[in-house]
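Chain by chain, the residues:
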Amino acid sequence: MTELSNLIADLVAINSVNPDLVPGGAGESDIADFIAAWGRGAGLEVHVQEAAPKRPNIILIARGGGGGKSLMLNAHTDTVGVSDMDAPFQPAINDGRLYGRGAYDMKSGLAACMLALKAARTMNLRGDVMLSAVVDEEYGSIGSEALLADWERWPADAVLIAEPTELDISIAHRGFVWVDIETHGVAAHGSRPQLGVDAIAKMGKVLVALEAHDRALRADPTHELLGGGSLHASLISGGEELSMIPAHCQLQVERRTIPGETQSSVESEINDILAEIAAADPDFKAQAKATFARSPYSIDASHPLVQQLRSIGETKLGGEVKLVGSSWWMDSALFGDAGIPTVVLGPAGAGAHAIEEWVDLASVERCREIYIDLIANFCR
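Residues numbered from 1 in each chain as written. Predicted model: local features only at pLDDT ≥ 70, side-chain atom pairs only at ≥ 80, totals over all residues. Heavy atoms only, no water.

Q: How would you summarise the packing of helix α3 (residues 103–120) against helix α9 (residues 361–378) if you had to cite specific residues and measurements?
A: The geometry of α3 relative to α9 is characterised by a closest axis approach of 9 Å and an angle of 40 degrees between their N-to-C directions. Between α3 and α9, the angle is such that the two are oblique. The element α3 and its partner α9 pack so that their crossing is right-handed. Residue-level inspection shows S108, G109, A112, C113, L115, A116, A119 and A120 of α3 in contact with α9, the latter providing V364, C367, R368, Y371, I372 and I375. In terms of residue class, the contact of α3 with α9 is made up of 11 nonpolar, 2 polar and 1 charged. (Axes fitted to C-alpha atoms, helices over the stretch in contact; angles between N-to-C directions. Helix = DSSP H or I, 4+ residues; strand = E, 2+ residues; numbered from the N terminus. Parallel < 35°, antiparallel > 145°, perpendicular 65-115°, else oblique. Left-handed = near helix turned anticlockwise from the far one by under 90°. Contact = heavy atoms within 4.5 Å. Nonpolar A, V, L, I, M, F, W, Y, C, P; charged D, E, K, R; others polar.)

Given below as structure tokens:
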């Protein structure tokens, strides 16, 4: 085994299941201790930041001589759960693949970043090189939020996130808005329907209208890499008992957004749908309110950071490196909201959040090489 595969295996062997996703999950303390100890052994500056009790971010720094641009590599230390997995924390290598929970998402990218930072110490750079190993990306992103709240301690001119991208460069991803919709009816005994208004039946009109809206969104691909937005009904509840006409019904929906769409614009479009239904039905009463949102992200393909990384990637890989959009949300949006240019490039593999998870070790080695060359060019 190589230094890189050994390091990935060591990280995978540490249970770091997110406790907010899985009650009783081990959390990130043990893996944070490992990264901190490794960083000290590698001669790096080590900072421990408590994002929440017993949930520490670890920031490793290779200091430059001064006067150069600074770069932060970023990876998360938490994983999803391990239900139905056999030996999730016993990494195994077979045919160039390393198996285990977190191997792909994203301890392999973390390992490549760690070794790139170790290499940076010997490169006589002017700028600082940092690695933020953050907690909780799989649930609430409290790690990256805490990191950004204390940004003056480790300011960076740009960020590279090592999430798996199959060695492509992700320059855009969708965001999301969660919206609660409530319809109001009039409660009555089921034997006296003339006295009641069925809030659940009224919600049926909302569901039909939202389905049509989703079709229209996906039929209008306005973003070159991400297409259009989307919307789906997630959870529904209402009623009190079988013999009563229900006075209330609640629907929770998720609206996936593309750059240019905001929490406010989503809330407005759904309220417009409700107003259109109400105009045709005097008994229809409903309201909608956004409860949580994460921004979409994009960085221009012509941005110098993107072009620099692409050139390095194509040199290392001997072929085209694609600029892609990702359908899922990532912490890159938090850095983008803070005005920090951010790109995402990581290894190939499969099984994120699945029963069988693996990473292609050769692709992780290519990532390590690309990160080192980006550091050399960006922080010189």
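Q: How would you summarise the packing of helix α1 (residues 3–12) against α9 if you had to cite specific residues and measurements?
A: Look at α1 against α9: their axes get within 10 Å of each other, and the N-to-C directions meet at 105 degrees. Relative to α9, α1 is oriented roughly perpendicular. Packed against α1, whose contacting residues are L4, S5 and I8, the element α9 presents L361, V364 and E365 at the interface. Taken together, the residues that form the contact of α1 with α9 break down as 4 nonpolar, 1 polar and 1 charged.

Q: Which residues make up the packing of aromatic side chains, and what are the values?
A: A complete count under the given rule lists 5 aromatic pairs for this structure. Both rings, one in F176 and one in W329, keep their centres 6.5 Å apart while their planes meet at 80 degrees; by these two values the pair is edge-to-face. With F176 in strand β9 (residues 175–184) and W329 in the loop between β16 (323–326) and α8 (332–337), the pair connects residues that are 153 residues apart, well separated along the chain. The pair F176 / W329 is uniform in exposure class, with both members buried. Taken together, the ring pairs connect F176, W178, F292 and W329 into an aromatic cluster. For the cation-ring pair, K69 lies above F378, with the distance from its terminal atom to the ring centre recorded as 4.2 Å. (Phe/Tyr/Trp six-rings, centres within 6.5 Å; stacked < 30°, edge-to-face > 60°. Buried < 20%, exposed > 50% of the residue type's maximum accessible area, 1.4 Å probe, protein only. Lys NZ or Arg CZ within 6 Å of the ring centre and 35° of its normal.)

Q: Please provide a residue-by-residue account of the side chain of E137, values included.
A: Relative to the assigned elements, E137 resides in the loop between β6 (129–134) and α4 (142–149). Buried charge E137 goes without a salt bridge, the closest partner of opposite sign being R294 at 9.2 Å. Discounting residues that sit within four places of it in the chain, E137 has contacts with H76, D78, E163, W329, M330 and D331. (Lys, Arg positive; Asp, Glu negative; His and termini not counted. Salt bridge = Lys/Arg side-chain N within 4 Å of Asp/Glu carboxyl O.)

Q: Summarise α1; cite the residues concerned and give the values.
A: The element α1 is largely enclosed, with a buried count of 7 among its 10 residues. Burial in α1 covers these residues: L4, S5, L7, I8, A9, L11 and V12. Packed against the buried residues of α1 are α2 (29–41), β4 (92–94), β5 (97–99), α3 and α9.

Q: Residue-level account of the environment of A9, with values.
A: Positionally, A9 belongs in helix α1. The buried category is assigned to A9, whose relative accessible area is 11%. The spacing of A9 and I93 is 84 residues in sequence and 9.0 Å in space, taken between C-alpha atoms. Look past the residues within four positions of A9 in its chain and what remains in contact with it is M1, P91 and L98.

Q: Account for the pairing of strand β2 (residues 55–62), naming residues and giving values.
A: Of all 8 residues making up β2, 8 are buried, and the element is well covered by its neighbours. The two faces of β2 match: R55, N57, I59 and I61 on one face and P56, I58, L60 and A62 on the other face are all buried. Strand direction decides the pairing type here: strand β1 (residues 45–52) and β2, joined by 7 bridges, are antiparallel. Each bridged residue has a counterpart across the sheet, and for E50 the counterpart in β2 is P56. (Pairing = 2+ DSSP bridges.)

Q: Mind laying out helix α5 (residues 199–218), listing which residues take part and the relevant values?
A: Helix length check: α5, at 20 residues, gives a terminal C-alpha distance of 29 Å against a target of 28 Å (1.5 Å per residue), a fit within 8%. Those residues of α5 that sit buried are A199, K202, M203, V206, L210, H213, D214 and L217. Down the axis of α5, the smallest arc covering the buried residues is 125 degrees, so these residues share one side. In this structure, the buried side of α5 is in contact with β9, β11 (230–238), β13 (248–257) and α6 (263–280). Capping the start of α5 is the job of one residue whose side-chain oxygen sits 2.9 Å from the backbone nitrogen of I200: D198. (Expected span 1.5 Å × (residues − 1). Arc of directions from axis to C-beta. Polar contact = N/O pair within 3.5 Å; in protein donor to acceptor, adjacent residues only side chain to side chain.)

Q: I'd like to hear about the nonpolar core, residue by residue, with values.
A: Soluble, globular proteins show a tendency: their nonpolar side chains are buried together. Counting 84 residues, the largest nonpolar core has I35, W151 and Y371 as its most contacted members. What I35 contacts, discounting residues up to four positions off in sequence, is L11, I58, L60, T77, L110, M114 and A133. Grouped together as the second largest cluster of nonpolar side chains are 20 residues, V179, C249, V253 and A290 included. (Core = buried A, V, L, I, M, F, W, Y, C linked by side-chain atoms within 4.5 Å.)

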